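So you can see what is in the structure, the chains are spelled out below.
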Amino acid sequence: MENKNGRIKQIRYIIKGVETKDGAGVRLKRIFGGPNTVNITDPFLLLDHFGSDRIDDYISGFPWHPHRGIETITYLLSGKVDHRDSTDHHGTIYPDELQWMTAGSGIFHEEMPKPLDEKNPEELLRANGMPTLVSGFQLWLNLPAKYKMTVPTYRSIKGSEVPSIAIDGARVKIIAGEYNKTSGMYDSKFGIDPLYLDVSMDEESEFSYRIKDGYTSIIFSVTGEGMYRDQKLEADTAAILSMEGDYVNVRTSRSGYRFILLSGKPLHEPVKWYGPIVMNTDEQIREAIRDLNSDNFVREKNPLIE
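The paragraphs below set out a description of the structure included in this document. All figures in this text were calculated on a predicted structure; none of them were measured in a lab.

Let's talk about the sheet that holds strand S24 (residues 257-264)
1) Next: Within the open sheet, the seven strands sit side by side as S1-S22-S19-S24-S17-S14-S13. Their pairing is antiparallel. In this open sheet, the two strands that pair with only one neighbour each are strand S1 (11-16) and strand S13 (164-167). Along the sheet, successive strands turn relative to each other by an average axial angle of 20 degrees, direction set aside.
2) Next: As judged from the four bridges shared by S13 and strand S14 (residues 170-176), these two strands associate in the antiparallel manner. Bridge assignment links Ile 167 to a residue of S14, and that residue is Ala 170.

Okay, here's the thing in structure tokens:
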């Protein structure tokens, strides 16, 4: 358990996920995202929870589309996602795996969710007791102005590569950042210092974590019910915590609880948003549109693979 000397952070806002469609008609819950929330979630731009036990809700997928100026992190809980991009990277993401992509100067890609067993999806659902055929999250992380046009980079993270620690009734998967002196798979090179923990708590347990001074911190509830001070934390909601205070403290009573803890150094930079392209100025957005129209959007033909 992390050292709890200091003050527990307050909850500034509770954001409840809103049902919407994206891609070619994928039904999902947008937990937060867009110009209206970026000031309170900086450096995190968007968080979507996609998935369903109805194939028609997601099978149309997220066909060919561009990104620039951000990182996208796809984390899969069930099902699979076939993907490919404009520089011939392709593959499949399976449960507990991640795709961490730095779009940087520009890339096209597609992500197509599918059940693990495409021939007998309902049998798979019943046999494994899975809550959904496909379920996962996509998080957008902003890039600082000086790295907006960095060389694109693709990273595939297998579930077996993600460190996992069990302490005091909680199992913590460390995707990025550090917990209990153990570092996650991803080490940011862009000064944002992101923390991404997947925490599963038993009933009647407690979890604490000290947040770095001046960092944004967000608790995203996945399943079950937790308590933060006197506030219930329910599934598909995000608790945006105050800058004041030193650590987060989550408790459970009669049920288990799973949540994602995000933290990062805010950029405090202007944000100009054009769909999947996030830059700092209107002129940069106009440049991106010109690049799209002139087939010059992908500046780097051979992104790095890490």
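Focus on the layout of surface pockets
1) Next: Of the volumes computed, that of the second largest pocket is approximately 380 Å³.
2) Next: Taken together, 22 residues form the lining of the second largest pocket, with Asp 22, Arg 30, Phe 62, Gln 138 and Trp 140 sitting closest to its centre.
3) Next: When residues of the lining of the second largest pocket are traced back to their parent elements, those giving at least two are strand S3 (26-33), strand S4 (44-52), strand S5 (62-67), strand S10 (107-114) and strand S11 (134-142).
4) Next: Residues belonging to the lining of the second largest pocket are distributed by class as follows: 10 nonpolar, eight polar and four charged.

Regarding the sheet that holds strand S7 (residues 80-85)
1) Next: If you walk across this open sheet you meet the four strands as S5-S10-S7-S8, and the pairing is antiparallel. Whereas interior strands pair on both sides, the edge strands pair on one side only; in this sheet they are S5 and strand S8 (90-93). Averaged over all adjacent pairs, the angle separating strand axes in this sheet is 25 degrees, with direction ignored.
2) Next: The pairing of S7 with S8 spans four bridges and is antiparallel. When the bridges of S8 are listed, Val 81 appears paired with Ile 93.

Regarding the environment of Thr 87
1) Next: Here Thr 87 shows up in the loop between S7 and S8.
2) Next: With 10 residues separating them in the primary sequence, Thr 87 and Leu 77 have C-alpha atoms 26 Å apart.

Re the pattern of salt bridges
1) Next: Counting across every chain of the model gives 18 salt bridges.
2) Next: When the shortest N-O distance is used, the salt bridge between Asp 291 and Arg 68 registers 3.2 Å. Note that Asp 291 is positioned in helix H3 (residues 282-293) and Arg 68 in the loop between S5 and strand S6 (70-78), a separation of 223 residues in sequence.
3) Next: You can call Arg 68 buried: its relative accessible area is 0%.
4) Next: In this structure, Arg 299 engages Asp 291 in a salt bridge whose closest nitrogen and oxygen atoms are separated by 2.7 Å.
5) Next: Residue class for Asp 291 comes out buried when judged on its relative accessible area of 7%.
6) Next: Via salt bridges that share partners, Arg 68, Glu 287, Asp 291 and Arg 299 belong to a single interconnected network.

Digging into the packing of aromatic side chains
Think of a pair of aromatic rings as described by two things: how far the centres are apart, and how the planes are tilted against each other in angle.
1) Next: One pass over the full model with this rule turns up 13 aromatic pairs.
2) Next: Plain terms: the ring middles of Phe 50 and Phe 62 are 6.3 Å apart, the flat faces sit at 70 degrees to each other, and that makes the pair edge-to-face. One end of the pair, Phe 50, is in strand S4; the other, Phe 62, is in strand S5, with 12 residues separating them in the sequence. Note on accessibility: Phe 50 and Phe 62 belong to one class, buried.
3) Next: Between Phe 108 and Phe 297, the aromatic rings sit 5.6 Å apart at their centres with planes inclined by 70 degrees, giving edge-to-face as the arrangement. Within this pair, whereas Phe 108 is found in strand S10, its partner Phe 297 is found in the loop between H3 and strand S27 (304-305), the two being separated by 189 residues in sequence. Neither Phe 108 nor Phe 297 differs from the other in exposure class; each is buried.
4) Next: Clustering of aromatic rings is evident, with ring pairs tying together Tyr 179, Phe 207, Tyr 209, Tyr 257 and Phe 259.

Some words on unusual backbone geometry
1) Next: Note that the residue after Asp 42, namely Pro 43, is joined by a cis bond; omega there is 15 degrees.
2) Next: Here Pro 43 is to be found in the loop between helix H1 (38-41) and S4.
3) Next: We note that Asn 180 has phi near 50 degrees; this positive angle belongs to a residue other than glycine.
4) Next: Considering the arrangement of structural elements, one finds Asn 180 in the loop between strand S15 (178-179) and strand S16 (182-183).
5) Next: Its relative accessible area of 37% is what places Asn 180 among the partly exposed residues.
6) Next: Unlike most non-glycine residues, His 268 shows phi in positive territory, near 55 degrees.
7) Next: By the element assignment, His 268 lies in the loop between S24 and strand S25 (272-274).
8) Next: For His 268, a relative accessible area of 67% corresponds to the exposed category.

Calculation rules
- Residues numbered from 1 in each chain as written.
- Predicted model: local features only at pLDDT ≥ 70, side-chain atom pairs only at ≥ 80, totals over all residues.
- Heavy atoms only, no water.
- Pairing = 2+ DSSP bridges.
- Helix = DSSP H or I, 4+ residues; strand = E, 2+ residues; numbered from the N terminus.
- Axes fitted to C-alpha atoms, helices over the stretch in contact; angles between N-to-C directions.
- 1 Å grid on protein atoms, 1.4 Å probe; cavity = no way out; pocket = protein on both sides within 12 Å on 5 of 7 lines; lining within 4 Å.
- Points joined across faces, edges and corners; volume = space filled by probe spheres on them.
- Nonpolar A, V, L, I, M, F, W, Y, C, P; charged D, E, K, R; others polar.
- Salt bridge = Lys/Arg side-chain N within 4 Å of Asp/Glu carboxyl O.
- Buried < 20%, exposed > 50% of the residue type's maximum accessible area, 1.4 Å probe, protein only.
- Phe/Tyr/Trp six-rings, centres within 6.5 Å; stacked < 30°, edge-to-face > 60°.

Geometric values such as these leave the question of function open.
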